[in-house]
Amino acid sequence: MNEVALEAKGLVKTYKRVRAVQDVSLVLRRGRVTALVGESGSGKSTVAKLLARLVEPTEGEILLDGRKVRRVREYRRKVQMVFQDPFASLNPVHTIRYHLTRPLKIHKRPETVEQLLERVNLPADFAARYPHELSGGQRQRVAIARALAAHPEVLLADEPVSMLDVSIRLGVLNLLLDLKERLKLAVLYITHDIASARYFADETFVMYGGQIVEGGDSESVTQQPAHPYTQLLIESAPDPERAVVALDAPVEEVAAVSAGCQFAARCPKVQDRCWTDAPPRSDVGEGHWAACWLYVEAAA
Amino acid sequence: MNFKTRLGLGILAFFTLIAVIGSWIAPYDPSAMGDDLLSPPSGAHWFGTTMTGQDIFSQVLVGTRGVMVVGLVCGVLATFLSILVGVTAGFLGGAADEALSMLSNVFLVIPALPLIIIVASMLPSADTVLIAAVISLTAWAWGARILRAQTMSLRRRDFVEAARASGERTWRIIVFEVLPNLLAVIGSGFVGTVIFAVMLQITLSFVGVVSLSTWNWGTILFWAQSNQALGQGAWWWFVPAGLCIALLGTALALINFGIDEYANPRLRKVRA
Amino acid sequence: MTFLLRRGLFYLITLWAAITANFLLPRLLPGDPVQAMITKLGGRLNSDAMASLYILFGLDEKKSIWEQYVDYWGALARGDLGLSFTFFPTPVADVLSQSLPWTLGLVGVTTVIAFLLGTLMGVYAGWKRGSWMDSLIPVTTFLSSIPYFWLGLIAISVFSVTFPLLPASGGYAAGLVPEWSGEFIGSVLEHAVLPGITIVVSSVAGWILGMRNMMVTVTAEDYVLVARAKGLSQKRIMFAYAARNAVLPSISGFALSLGFIVGGALLVEMVFSYPGLGYVLFQGIGAKDYPLMQGVFLVITLAVLVANLLADIGYLLLDPRTRREG
């Protein structure tokens, strides 16, 4: 078993009246990729921000190497993040050199900017360029290089390829896989594309309405999905955009079922108790579970 | 850079030059009385003379410096204040933002002119620098308001989050990540403040609450008005100074359009 | 309700700030000009008038600053603004109530005209971007760079001195008695033409420009594109879609810059010796009449706040978002 790098226990984040994240627990292990799959609004990006400590959790705790880290800068030395939009995550007024020099200075690392660029397969002369002179894929590589500058144990990748052209997505994902192997990184891969989770991640969690509804090794979750929501997600693939539309339900209806299962309003297999009682987790296979009433009888 | 912006910069450069060398190239002492009383423009007196025979051309030349100094001092002071208040409010958000926004709105709404007139006339010696400081205190609010809005939209951008995530400290994020992206807004705010300050100073001189011992374009207009230049048809007494004000104001406004168009591509001219 | 509560709090704070500034200024700044005045006027001041000047300008050193502040509010609540030195022995409040209607009439009407006219022209200029309307911009910029008072001077010299078409000063012809007669009203209107045009001409450019830029920005929005795609008429898109959204920031800008505009308009009154607050202020400056100047400041601040309240109501009517919250 790979060693645990980051552990989140019972994370809750509430904005005014909206519960963005409800009771999420996760374990990230070194040398492994964990995928967090969900559509927009499922709370998956909030989880990334919570784990990056960009927002404070309302409840719950985050353990790094088994302990709570009080000093944020020390935490950030170990946990780094890659953002979704490479056009927005680099400051247009600074050169690539500036973007890469800063984390090296902050975390007192000995590498040079050129070494960082080489690590993400970019030529050294990119250092003098500005973000707008680079393509989306090149920028995302710079963003990855910046995250790696701190020598992190954990890399949080929030939809790292969703803004890129389809033709270059694979290249960036392969780069991440390669870096994971070489640097023994624990990677959290957040995506709305469940198909890419199968290819890329060792373990997959599916999020809906701020909660994790299903989890297990990627192969079983994507090949034998148990939760009706995961099944819908996979049926509507390969076009993840369409999934969002097909599954759409009025916001008020979704919000109304706060007591029972979050998915009740949109579930094709909804039962009476789904509206009133939250479903417990049931094992549906080897290390594979789902939070759904369908499997409660079977397990009992 | 388009023609309008270059024209603006050219006029500004011209007045800056006059501000520096004006008192040396002036043909007469602006306060010295002469024998040609209230004479229209001529070869000897390009802009004519006043009731007491003072040379108006020399007054305009010498008076340029006072105008430009007040504009510059106010521009710097007020821009500094507006960055301090506006960027802080926009970046911090929450209660600090509420309080600072309220402060700038109060300063915006209170009519500055009557207030400054009262302050200036109560001060025992209202010299140029003191007036510049007082004007700055009322001139920062508009810039702060615009900077706050811009900062708020920048604060939510990913590169600010990314800088935080890579471990940057808050003050460094404000100074090195946010401020450089605000340069166009700050620049246009600076120019706007200079226009405001110049107008206000000239107005104060014209109504006679500022020390009349130093020349500026407003003082010329004050003497013209108090000596009934209008009624006597002495148009040359008040036209040159007024045109200079309008020219300087136009130049600064043109520069500001240039900055706006640079910062907001939608405002650029449509090319067929 | 949040919107209204927030605005209400803002008005109260502004009013408090203006009054407190008025209270503190004569106490903080060096010199004692009011004392000098009182000495000069000597025995002509009765004890009541003397007492109110003491309260307003803090000449009573025996009282703590806090007691003075309480007394000050008391005096204001009674409408006691002291005696004017210029119009001695008329109370400041009386001078102001005589001149306020003139200012409201001239400055109020012309400011609203300038705003409406400028906004309308800005809508067209922004909509027809790239046409001949663009060449108006340098012209309007030049006009807005001219100080109000100087434009007034030029207007007088051209239309009253060179070509004596219109009166150069005053609110109505000398010799007339203010009354509701055709002759008097005609004279008032005749006297308002030059100062009115001066204010409109020098303030309209700002509105044109602001509205034009907002229109240019809004015209590129998707909802305008959709409206075009739906095949709606140009006029309908321009007003119901683009202008309606572009005018909102213009209104809040209008409200906030009123203090500045009114300041400029006061200068026009000074130049034209128009019997409003601006001219009163001008006379006060010459005589170092502090009670009068401070009274003018308070009344103008109050007027600007009332105008802001009206602008808020306009905003509320035009923007459904604030309405829903309210």
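Predicted model only: the values in this text are computed from it and were never measured.

## Notes on the sheet that holds strand β1 (residues 4-15) of chain A
Residue and element names in this part refer to chain A. In space, the three strands of this open sheet follow the order β2-β1-β4, with antiparallel pairing throughout. At either margin of the open sheet sits one strand with a lone partner, and together these are β2 (18-29) and β4 (59-64). Going from strand to strand, the sheet's axes swing by 10 degrees on average, the running direction of each strand aside. Pairing geometry for β1 and β4, over five bridges, is antiparallel. Bridge pairing links L6 to L64 in β4.

## Focus on the pattern of salt bridges
Following the criterion strictly, the structure yields 17 salt bridges over all chains and no others. Across the pair R266 of chain A and E39 of chain A runs a salt bridge, and its minimum N-O distance is 3.1 Å. Linking R266 of chain A in the loop between α11 (251-256) and β10 (281-285) with E39 of chain A in the loop between β3 (33-37) and α1 (44-51), this pair joins segments that are 227 residues apart in sequence. Of the two residues, R266 of chain A and E39 of chain A, both sit in the buried class. A salt bridge links E219 of chain A to R198 of chain A; the shortest N-O distance between them is 3.3 Å. Of the two residues, E219 of chain A sits in helix α8 (residues 218-223) while R198 of chain A sits in helix α7 (residues 194-200), which places them 21 residues apart along the sequence. Salt bridges sharing common partners tie together K49 of chain A together with E161 and R164 of chain B.

## Quick look at the interface of chain B and chain C
The interface of chain B with chain C comprises 47 residues on the first partner and 56 residues on the second. Between chain B and chain C lies a buried interface of about 4,700 Å² when both sides are counted; carbon and sulfur atoms form 79% of it. Linking chain B with chain C are four residue pairs in polar contact (both at pLDDT 80 or more). Elements with a contribution of two residues or more to the side of chain B that touches chain C: α3 (94-109), α4 (112-122), α6 (141-155), α9 (183-207), α10 (217-226) and α11 (235-263) of chain B. With 11 residues, α11 of chain B is the largest single contributor of residues to the side of chain B that touches chain C.

## Quick word on the confidence of the model for chain B
Averaged over all residues, the pLDDT of chain B equals 86, while 96% of them reach at least 70. Under the prediction, the complex receives an ipTM of 0.82, its pTM being 0.81.

## Description of the pairing of β2 of chain A
Residue and element names in this part refer to chain A. Where β1 and β2 come together, eight bridges link them in antiparallel fashion. Pairing of L6 across the sheet is with L28, part of β2. Taking the residues between adjacent antiparallel strands as the criterion, β1 and β2 are bridged by two residues, where K16 takes a positive phi near 45 degrees.

## Details of the packing of α9 of chain B against α10 of chain B
Residues and elements named next belong to chain B. Following both chains from N to C, one finds α9 and α10 inclined at 30 degrees, their axes separated by 7 Å at the closest point. Taken together, the axes of α9 and α10 are roughly parallel relative to one another. The crossing of α9 and α10 is right-handed. Between α9 and α10, the residues in contact are I202, S205, F206 and V207 and W217, G218, T219, L221, F222 and Q225, respectively. Of the residues contributing to the contact of α9 with α10, the split by class is six nonpolar, four polar and no charged.

## Here's the deal with the sheet that holds strand β7 (residues 186-191) of chain A
All names here are of chain A. Judged by pairing direction, the sheet is mixed, and its eight strands sit side by side in the order β5-β6-β7-β3-β8-β9-β11-β10 without closing on themselves. Looking at the sheet topology across the chains shown, the edges are occupied by β5 (79-82) and β10. Within the sheet, the average angular offset between the axes of one strand and its neighbour, ignoring direction, is 20 degrees. Looking at chain direction, strand β9 (residues 211-217) and strand β11 (residues 288-291) are connected through two bridges and run antiparallel. Bridging across to β11, G215 finds its partner in W289.

## Quick notes on the side chain of T49 of chain B
Residues and elements named next belong to chain B. When you line up the elements, T49 lands in the loop between α1 (3-25) and α2 (56-92). Side-chain polar atoms of T49 contact the backbone nitrogen of S39, separated by 2.8 Å. Sequence-distant contacts of T49, defined by excluding residues within four places in its chain, comprise D36, L37, L38, S39, Q54, I56 and W236.

## Some points on unusual backbone geometry
Residue and element names in this part refer to chain A. Even without glycine at this site, D65 takes up a positive phi of about 50 degrees. Relative to the elements of secondary structure, D65 occurs in the loop between β4 and α2 (72-78). For H151, which is not glycine, the phi torsion reads 60 degrees and is therefore positive.

## Things to note about the arrangement of the chains
Counting contacts across all two pairs of chains found in contact, the highest total belongs to chains B and C. What separates chain A from chain C at the closest point of their C-alpha atoms is a distance of 16 Å, and the two make no contact.

## Comments concerning the packing of aromatic side chains
The final tally for this structure, using the stated rule, is 26 aromatic pairs over all chains. Relative to W236 of chain B, the ring of W235 of chain B lies with its centre 5.8 Å away and its plane at 80 degrees, an arrangement referred to as edge-to-face. Judged by relative accessible area, W235 of chain B falls into the partly exposed class, the value being 44%. An aromatic cluster is present here, built from F23, W66, Y69, Y72 and W73 of chain C joined pairwise through their rings.

## Focus: the interface of chain A and chain B
It is common to give the size of an interface as the accessible area that goes away when the parts come together. With 21 residues of chain A at the interface, the matching set in chain B holds 15 residues. Carbon and sulfur atoms supply 47% of the area buried between chain A and chain B, which totals about 1,700 Å² over both sides. Looking at the side of chain A facing chain B, the largest losses of area belong to L54, R73 and N91 of chain A, adding up to 26% of the total buried there. Taken together, the links from chain A to chain B amount to two salt bridges. Residues E161 of chain B and K49 of chain A are paired through a salt bridge, measuring 3.5 Å at the closest nitrogen-oxygen approach. At the boundary of chain A and chain B, one finds 12 residue pairs in polar contact (both at pLDDT 80 or more). Of all the elements in the fold, those that place two or more residues in the side of chain A that touches chain B are α2, β5 and α3 (96-106) of chain A. Ranked by residue count, the leading element in the side of chain A that touches chain B is α3 of chain A, at three residues.

## Considering the side chain of T103 of chain C
Residue and element names in this part refer to chain C. For T103, the location among the structural elements is in helix α5 (residues 92-127). T103 sits in the buried class, given a relative accessible area of 7%. Only 3.0 Å separates the side chain of T103 from the side chain of E269, close enough to count as a polar contact. Not counting the four nearest positions on each side in its chain, T103 is found in contact with G108, E269, G276, L277 and G278.

Cut-offs and rules
- Sequence order as written defines residue numbering, which begins from 1 separately in each chain.
- Chain A is the first chain written and ligand 1 is the first ligand written, with later ones labelled in order.
- Residues qualify for local features only when their pLDDT is at least 70, as the model is predicted, and side-chain atom pairs are given and counted only at 80 or more; totals for whole chains, interfaces and linings, by contrast, use all residues.
- Note that water and hydrogens are dropped before the side-chain values are worked out from all heavy atoms of the structure.
- In this analysis, strands are considered paired if DSSP registers two or more bridges between them.
- Helix and strand definitions follow DSSP, with helices as H or I runs of at least four residues and strands as E runs of at least two, each counted in order from the N terminus.
- Under this scheme, a helix contributes an axis fitted over its contacting stretch, all axes are lines through C-alpha atoms, and angles between N-to-C directions fall in the 0 to 180 degree range.
- Each salt bridge in this description consists of a side-chain nitrogen of Lys or Arg and a carboxyl oxygen of Asp or Glu lying within 4 Å of one another.
- Each residue is assigned to one of three classes by its accessible area relative to the maximum for its type, calculated with a 1.4 Å probe on protein chains only: buried under 20%, partly exposed between the two thresholds, exposed over 50%.
- The contact definition used throughout considers only heavy atoms, calling two residues in contact when any of these lie within 4.5 Å.
- Two parts placed together each lose some accessible area under a 1.4 Å probe, and the buried area is that loss summed for both.
- Each polar contact in these results corresponds to two N or O atoms within 3.5 Å; when the atoms are within protein, one needs to be able to donate a hydrogen and the other to accept it, and residues that are neighboring in sequence are counted only if both atoms are side-chain atoms.
- A score from 0 to 100, pLDDT tells how confident the predictor is in each residue.
- When an angle is under 35 degrees it counts as roughly parallel; over 145 it counts as roughly antiparallel; between 65 and 115 it counts as roughly perpendicular; any other value is oblique.
- What makes a crossing left-handed is the near helix being turned counterclockwise from the far one by less than a right angle; a clockwise turn instead makes it right-handed.
- When residues are sorted by character, Ala, Val, Leu, Ile, Met, Phe, Trp, Tyr, Cys and Pro go into the nonpolar class, Asp, Glu, Lys and Arg into the charged class, and all the rest, Gly among them, into the polar class.
- A pair of aromatic rings is counted whenever rings of Phe, Tyr or Trp (Trp by its six-membered ring) have centres within 6.5 Å, and the orientation is called stacked for planes under 30 degrees apart, edge-to-face for over 60 and tilted otherwise.

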